[in-house]
Protein chains: 4
Amino acid sequence: MGDGVTAARRSPGRPRRADAERRILDAAIDEYLERGASGFTIDGVARRAGVGKSTVYLRWPDRDTLLVDSVLARSRAIEDVDTGSLRGDLVALSVNMLRFLLDPVGFATLRLTVEAVASGSTREVTTGVADRHRRAAGLVLARAAERGEPVNPGTQARVVECLYGAITMKALAHGLETDATSEATIVAACVELVDLLLPLLLEHVRPPPDPAR
Amino acid sequence: MGDGVTAARRSPGRPRRADAERRILDAAIDEYLERGASGFTIDGVARRAGVGKSTVYLRWPDRDTLLVDSVLARSRAIEDVDTGSLRGDLVALSVNMLRFLLDPVGFATLRLTVEAVASGSTREVTTGVADRHRRAAGLVLARAAERGEPVNPGTQARVVECLYGAITMKALAHGLETDATSEATIVAACVELVDLLLPLLLEHVRPPPDPAR
Amino acid sequence: MGDGVTAARRSPGRPRRADAERRILDAAIDEYLERGASGFTIDGVARRAGVGKSTVYLRWPDRDTLLVDSVLARSRAIEDVDTGSLRGDLVALSVNMLRFLLDPVGFATLRLTVEAVASGSTREVTTGVADRHRRAAGLVLARAAERGEPVNPGTQARVVECLYGAITMKALAHGLETDATSEATIVAACVELVDLLLPLLLEHVRPPPDPAR
Amino acid sequence: MGDGVTAARRSPGRPRRADAERRILDAAIDEYLERGASGFTIDGVARRAGVGKSTVYLRWPDRDTLLVDSVLARSRAIEDVDTGSLRGDLVALSVNMLRFLLDPVGFATLRLTVEAVASGSTREVTTGVADRHRRAAGLVLARAAERGEPVNPGTQARVVECLYGAITMKALAHGLETDATSEATIVAACVELVDLLLPLLLEHVRPPPDPAR
DNA sequence: CTTTAAACGAGACGGTACGTCGGGTCTTACA
DNA sequence: TGTAAGACCCGACGTACCGTCTCGTTTAAAG
């Protein structure tokens, strides 16, 4: 009789525990970081989350899916940046990404991406995070164009690829010597990189020297 | 004048089967390619190699180590290239690497490198293959300098990082849609990339434009 | 007045398969009889019982314990006998025991008893079967006394010991020439033995002759 | 030219180490007593004996045979006894045997006899020790007959069977509560037993009461 | 002295079972 | 209907031992 609200028709039976999903994801990521991929166990996750195995299997179909989800759940916000200049934005973007990859969870995202590609998993998984980064870069470049900076649309995609690729290489090289890499080092490396690539983004950079060949 | 008695003192007991190591590694890589990482089983490898489990465990301490070794054993020769010009060499190098990464074994090398970095494994594992690539690039650049091409030593390392990084990104993007990527596509992508980055390697490219900011 | 609520609080979780225990024990004894003690294998038992190995290990801690239990489970009923006379009862008792020991399962009981004594196992194992025999003998003698037969309580225990001991010796001597020992032979041997020892059970047999010495 | 002596034609090649056999047997029995039948290992024996596995396999065909031999090698001398009287001899014999069975090595002999019977091994194994005992008893009785003691040849075998059987039962009952059973207890038990059975050996014991049956 | 032949230690080999552990499914009693 | 508990079948793990094999070395006797 007109309870009015569209209150989603509550299904019968015991309602799902509200916090279960979060508790499981948290437990999962912790287990992964502590014990690694091969030590990552559904039993272990359920135990740590204080939850029955069936509660896990009710939400995720298998071990791998849970692993992926738990990592992705943590690699959230690639906050948008806006420093007012293209160079500043690109540096900020790079620093964000390098910082992300040097963090255990961020690096885990890379691991999973690679694994997902290898096992031919769903597009979502393989490209989820990468897309977020790409979109952020697109935004920055679009804004630059609006501001009148002479961005060359022809090289744009390739330069972004180089930028992110180089940062990934750096992350692989540094590994996870966790604290060793100070904030200053990170910023310096990114500035260097952006300053190297920036000319390629600007209109007046003439196409390759080409003649001889 | 005496053979110098340097003859390595043979250890006692029955000598190890000479071919066992190779047979196991071959069986291992085959199992890996057929069944994937999670279906990779010591029992299976031993069975396929026609060898007892103990013979495997005598040489490798555990499943993971064998997996890594068997993959690395296959990612051997990054053959040196010499086309006569810097541009040609870089293209050849890039094509080699992209082709390598699009091959199951090559991609597996990437996977393992990432895993190894994550678990803080031995330097050898993490950098073995990467170093070979880096050395090949060094050679190419050194030769270009000898020929008198105006290579800028200041940007060299970073440009190589960009090149390899971008190729890795491409490999991740294409995934293993194995046959989808024809030789032509590969070459085209590499040429494009090299032509984008080459100017940054040449002396007369002035350091970052920088003016304001 | 209340059912007393003594109802054993059912433990949570899926209840154990009711028939698993029996199936495993049956499979175990069969494997034992077919393949002998050294061919007795947990894997084999599980396979034959159509059960997972973990289901076995959930109930028995290891191979040996399962072997003992499965044999003991079969050496059940030492049926009571009542022929109306002491001599008849003793003969029946002896025949029962000799027949039991000449049967594979019965002999296995002897083996296990000896092994259990050697390894200092639980009392139950070492004396379980022996006690049943002893009790049966006690019953027979008690009944004889009730009937008025002049049983000498002083020699009773020792005579029973002699009787069972001699039968064990016979079993060891005959070994398991399974069919070789016909029912007639068994009975004859037992009659002979009982007739030898019976006088020692009766009151009027005076204690050892002793005189000189 | 008749060197006369039957000097066993020495075979060529390096002669067998003289002490190896003994060292192996000693190591074997020690391992058996320490670790039990299932922990008895050829590798372990060889290691403890300071000998290569091949040296063991050169002398014994397999684990079980070595186990049997090593135990039998220790259950040597059932020294003959001669106290001057039948009763004294029988008591001495019984005490010897009970003492033997309460000793770890002696009990092991019993274990092996049982096992050997069960697995239908060679006669020698199954009856080796038993025969020695039987022969000793035969000697004692023969001597008594010579001395003119009225031994009944008809009951002789069965009485000996009872005697040894009863002693075996006692050994099984006492188990290996090693020190618990003092020398005095052993002797007392044997005297009691002999005094119970002795009358059955003497002529004047009339045959079973029989009539009713 | 040299040859021949066996014993010896060491330890690798192909198998096979051990007892443990995890995956993913199922079944119960409660909530 | 969800949940915790936990049993279920399966199969891999890494270890240990079996009995066999292959080495290089040692030891005597025969030539």
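Computed from a predicted model, the values in this text were never measured in an experiment.

The rules behind each value
- Residues numbered from 1 in each chain as written.
- Chains lettered and ligands numbered in written order.
- Predicted model: local features only at pLDDT ≥ 70, side-chain atom pairs only at ≥ 80, totals over all residues.
- Heavy atoms only, no water.
- Phe/Tyr/Trp six-rings, centres within 6.5 Å; stacked < 30°, edge-to-face > 60°.
- Buried < 20%, exposed > 50% of the residue type's maximum accessible area, 1.4 Å probe, protein only.
- Near = heavy atom within 4 Å.
- Polar contact = N/O pair within 3.5 Å; in protein donor to acceptor, adjacent residues only side chain to side chain.
- Helix = DSSP H or I, 4+ residues; strand = E, 2+ residues; numbered from the N terminus.
- Nonpolar A, V, L, I, M, F, W, Y, C, P; charged D, E, K, R; others polar.
- Expected span 1.5 Å × (residues − 1).
- Contact = heavy atoms within 4.5 Å.
- UniProt positions renumbered as here; feature names shortened; annotations may be inferred.
- Axes fitted to C-alpha atoms, helices over the stretch in contact; angles between N-to-C directions.
- Parallel < 35°, antiparallel > 145°, perpendicular 65-115°, else oblique.

## As for the packing of aromatic side chains
Residues and elements named next belong to chain C.
No. 1: Taken as a whole, this structure holds 4 aromatic pairs over all chains when the rule is applied.
No. 2: Consider the rings of Tyr-32 and Phe-40, whose centres lie 6.5 Å apart with planes at 85 degrees: the pair is edge-to-face.
No. 3: What makes Tyr-32 buried here is its relative accessible area of 5%.

## A few points about the protein's contact with DNA strand E
No. 1: Among the 47 residues in the neighbourhood of DNA strand E, the closest are listed as B:Gly13, B:Arg17, B:Thr55, D:Arg17 and D:Thr55.
No. 2: Sugar and phosphate atoms represent 66% of those atoms of DNA strand E found within 4 Å of the protein.
No. 3: C:Lys53 is positioned with one of its side-chain polar atoms (N or O) 3.1 Å from a base oxygen of DNA strand E.
No. 4: At the level of secondary structure, the elements contributing two or more residues to the surface near DNA strand E comprise α2 (42-49) and α3 (53-57) of chain A, α3 (53-57) of chain B, α2 (42-49) and α3 (53-57) of chain C together with α3 (53-57) of chain D.
No. 5: Considering every element that reaches the surface near DNA strand E, the biggest residue donor is α3(B), with 3 residues.
No. 6: A class-by-class count of the residues in the surface near DNA strand E yields 13 nonpolar, 13 polar and 21 charged.

## Brief notes about helix α1 (residues 20-35) of chain C
Residues and elements named next belong to chain C.
No. 1: Taking 1.5 Å as the rise per residue, α1 with 16 residues should run 22 Å; its terminal C-alpha atoms sit 22 Å apart, in good agreement.
No. 2: Along α1, the positions that sit buried rather than exposed are Ala-20, Ile-24, Leu-25, Ala-27, Ala-28, Ile-29, Glu-31 and Tyr-32.
No. 3: Elements that come into contact with the buried residues of α1 comprise α2, α3, α4 (63-74) and α6 (104-118).
No. 4: Looking at the residues trailing α1, positive phi occurs at Gly-36, about 80 degrees.

## Overview of the protein's contact with DNA strand F
No. 1: Around DNA strand F lies a shell of 48 residues, among which A:Arg17, A:Thr55, B:Tyr57, C:Gly13 and C:Thr55 are the nearest.
No. 2: If you look at DNA strand F and keep only atoms within 4 Å of the protein, 67% of those are sugar or phosphate atoms.
No. 3: Within the side chain of B:Lys53, a nitrogen or oxygen atom sits 3.0 Å from a base oxygen of DNA strand F.
No. 4: Counting residues per element, the ones that place at least two in the surface near DNA strand F are α3 of chain A, α2 (42-49) and α3 of chain B, α3 of chain C together with α2 (42-49) and α3 of chain D.
No. 5: The element that contributes the greatest number of residues to the surface near DNA strand F is α3(C), accounting for 3 residues.

## Some thoughts on the UniProt feature "DNA-binding region" (unreviewed entry) in chain A
No. 1: The positions that UniProt labels "DNA-binding region" (unreviewed entry) are, in the present scheme, residues 41-60 of chain A.
No. 2: Taken end to end, residues 41-60 of chain A comprises 65% helix and 0% strand; its first and last C-alpha atoms sit 13 Å apart.

## A few points about the packing of helix α1 (residues 20-35) of chain A against helix α4 (residues 63-74) of chain A
Residue and element names in this part refer to chain A.
No. 1: It is the contact of α1 with α4, at a shortest axis distance of 9 Å, that shows an interaxial angle of 95 degrees. When the interaxial angle is binned, α1 and α4 end up roughly perpendicular. Here Ile-24, Leu-25, Asp-26, Ala-28, Ile-29, Asp-30 and Tyr-32 of α1 lie close against α4, whose contacting residues are Leu-66, Leu-67, Asp-69, Ser-70, Val-71, Ala-73 and Arg-74.

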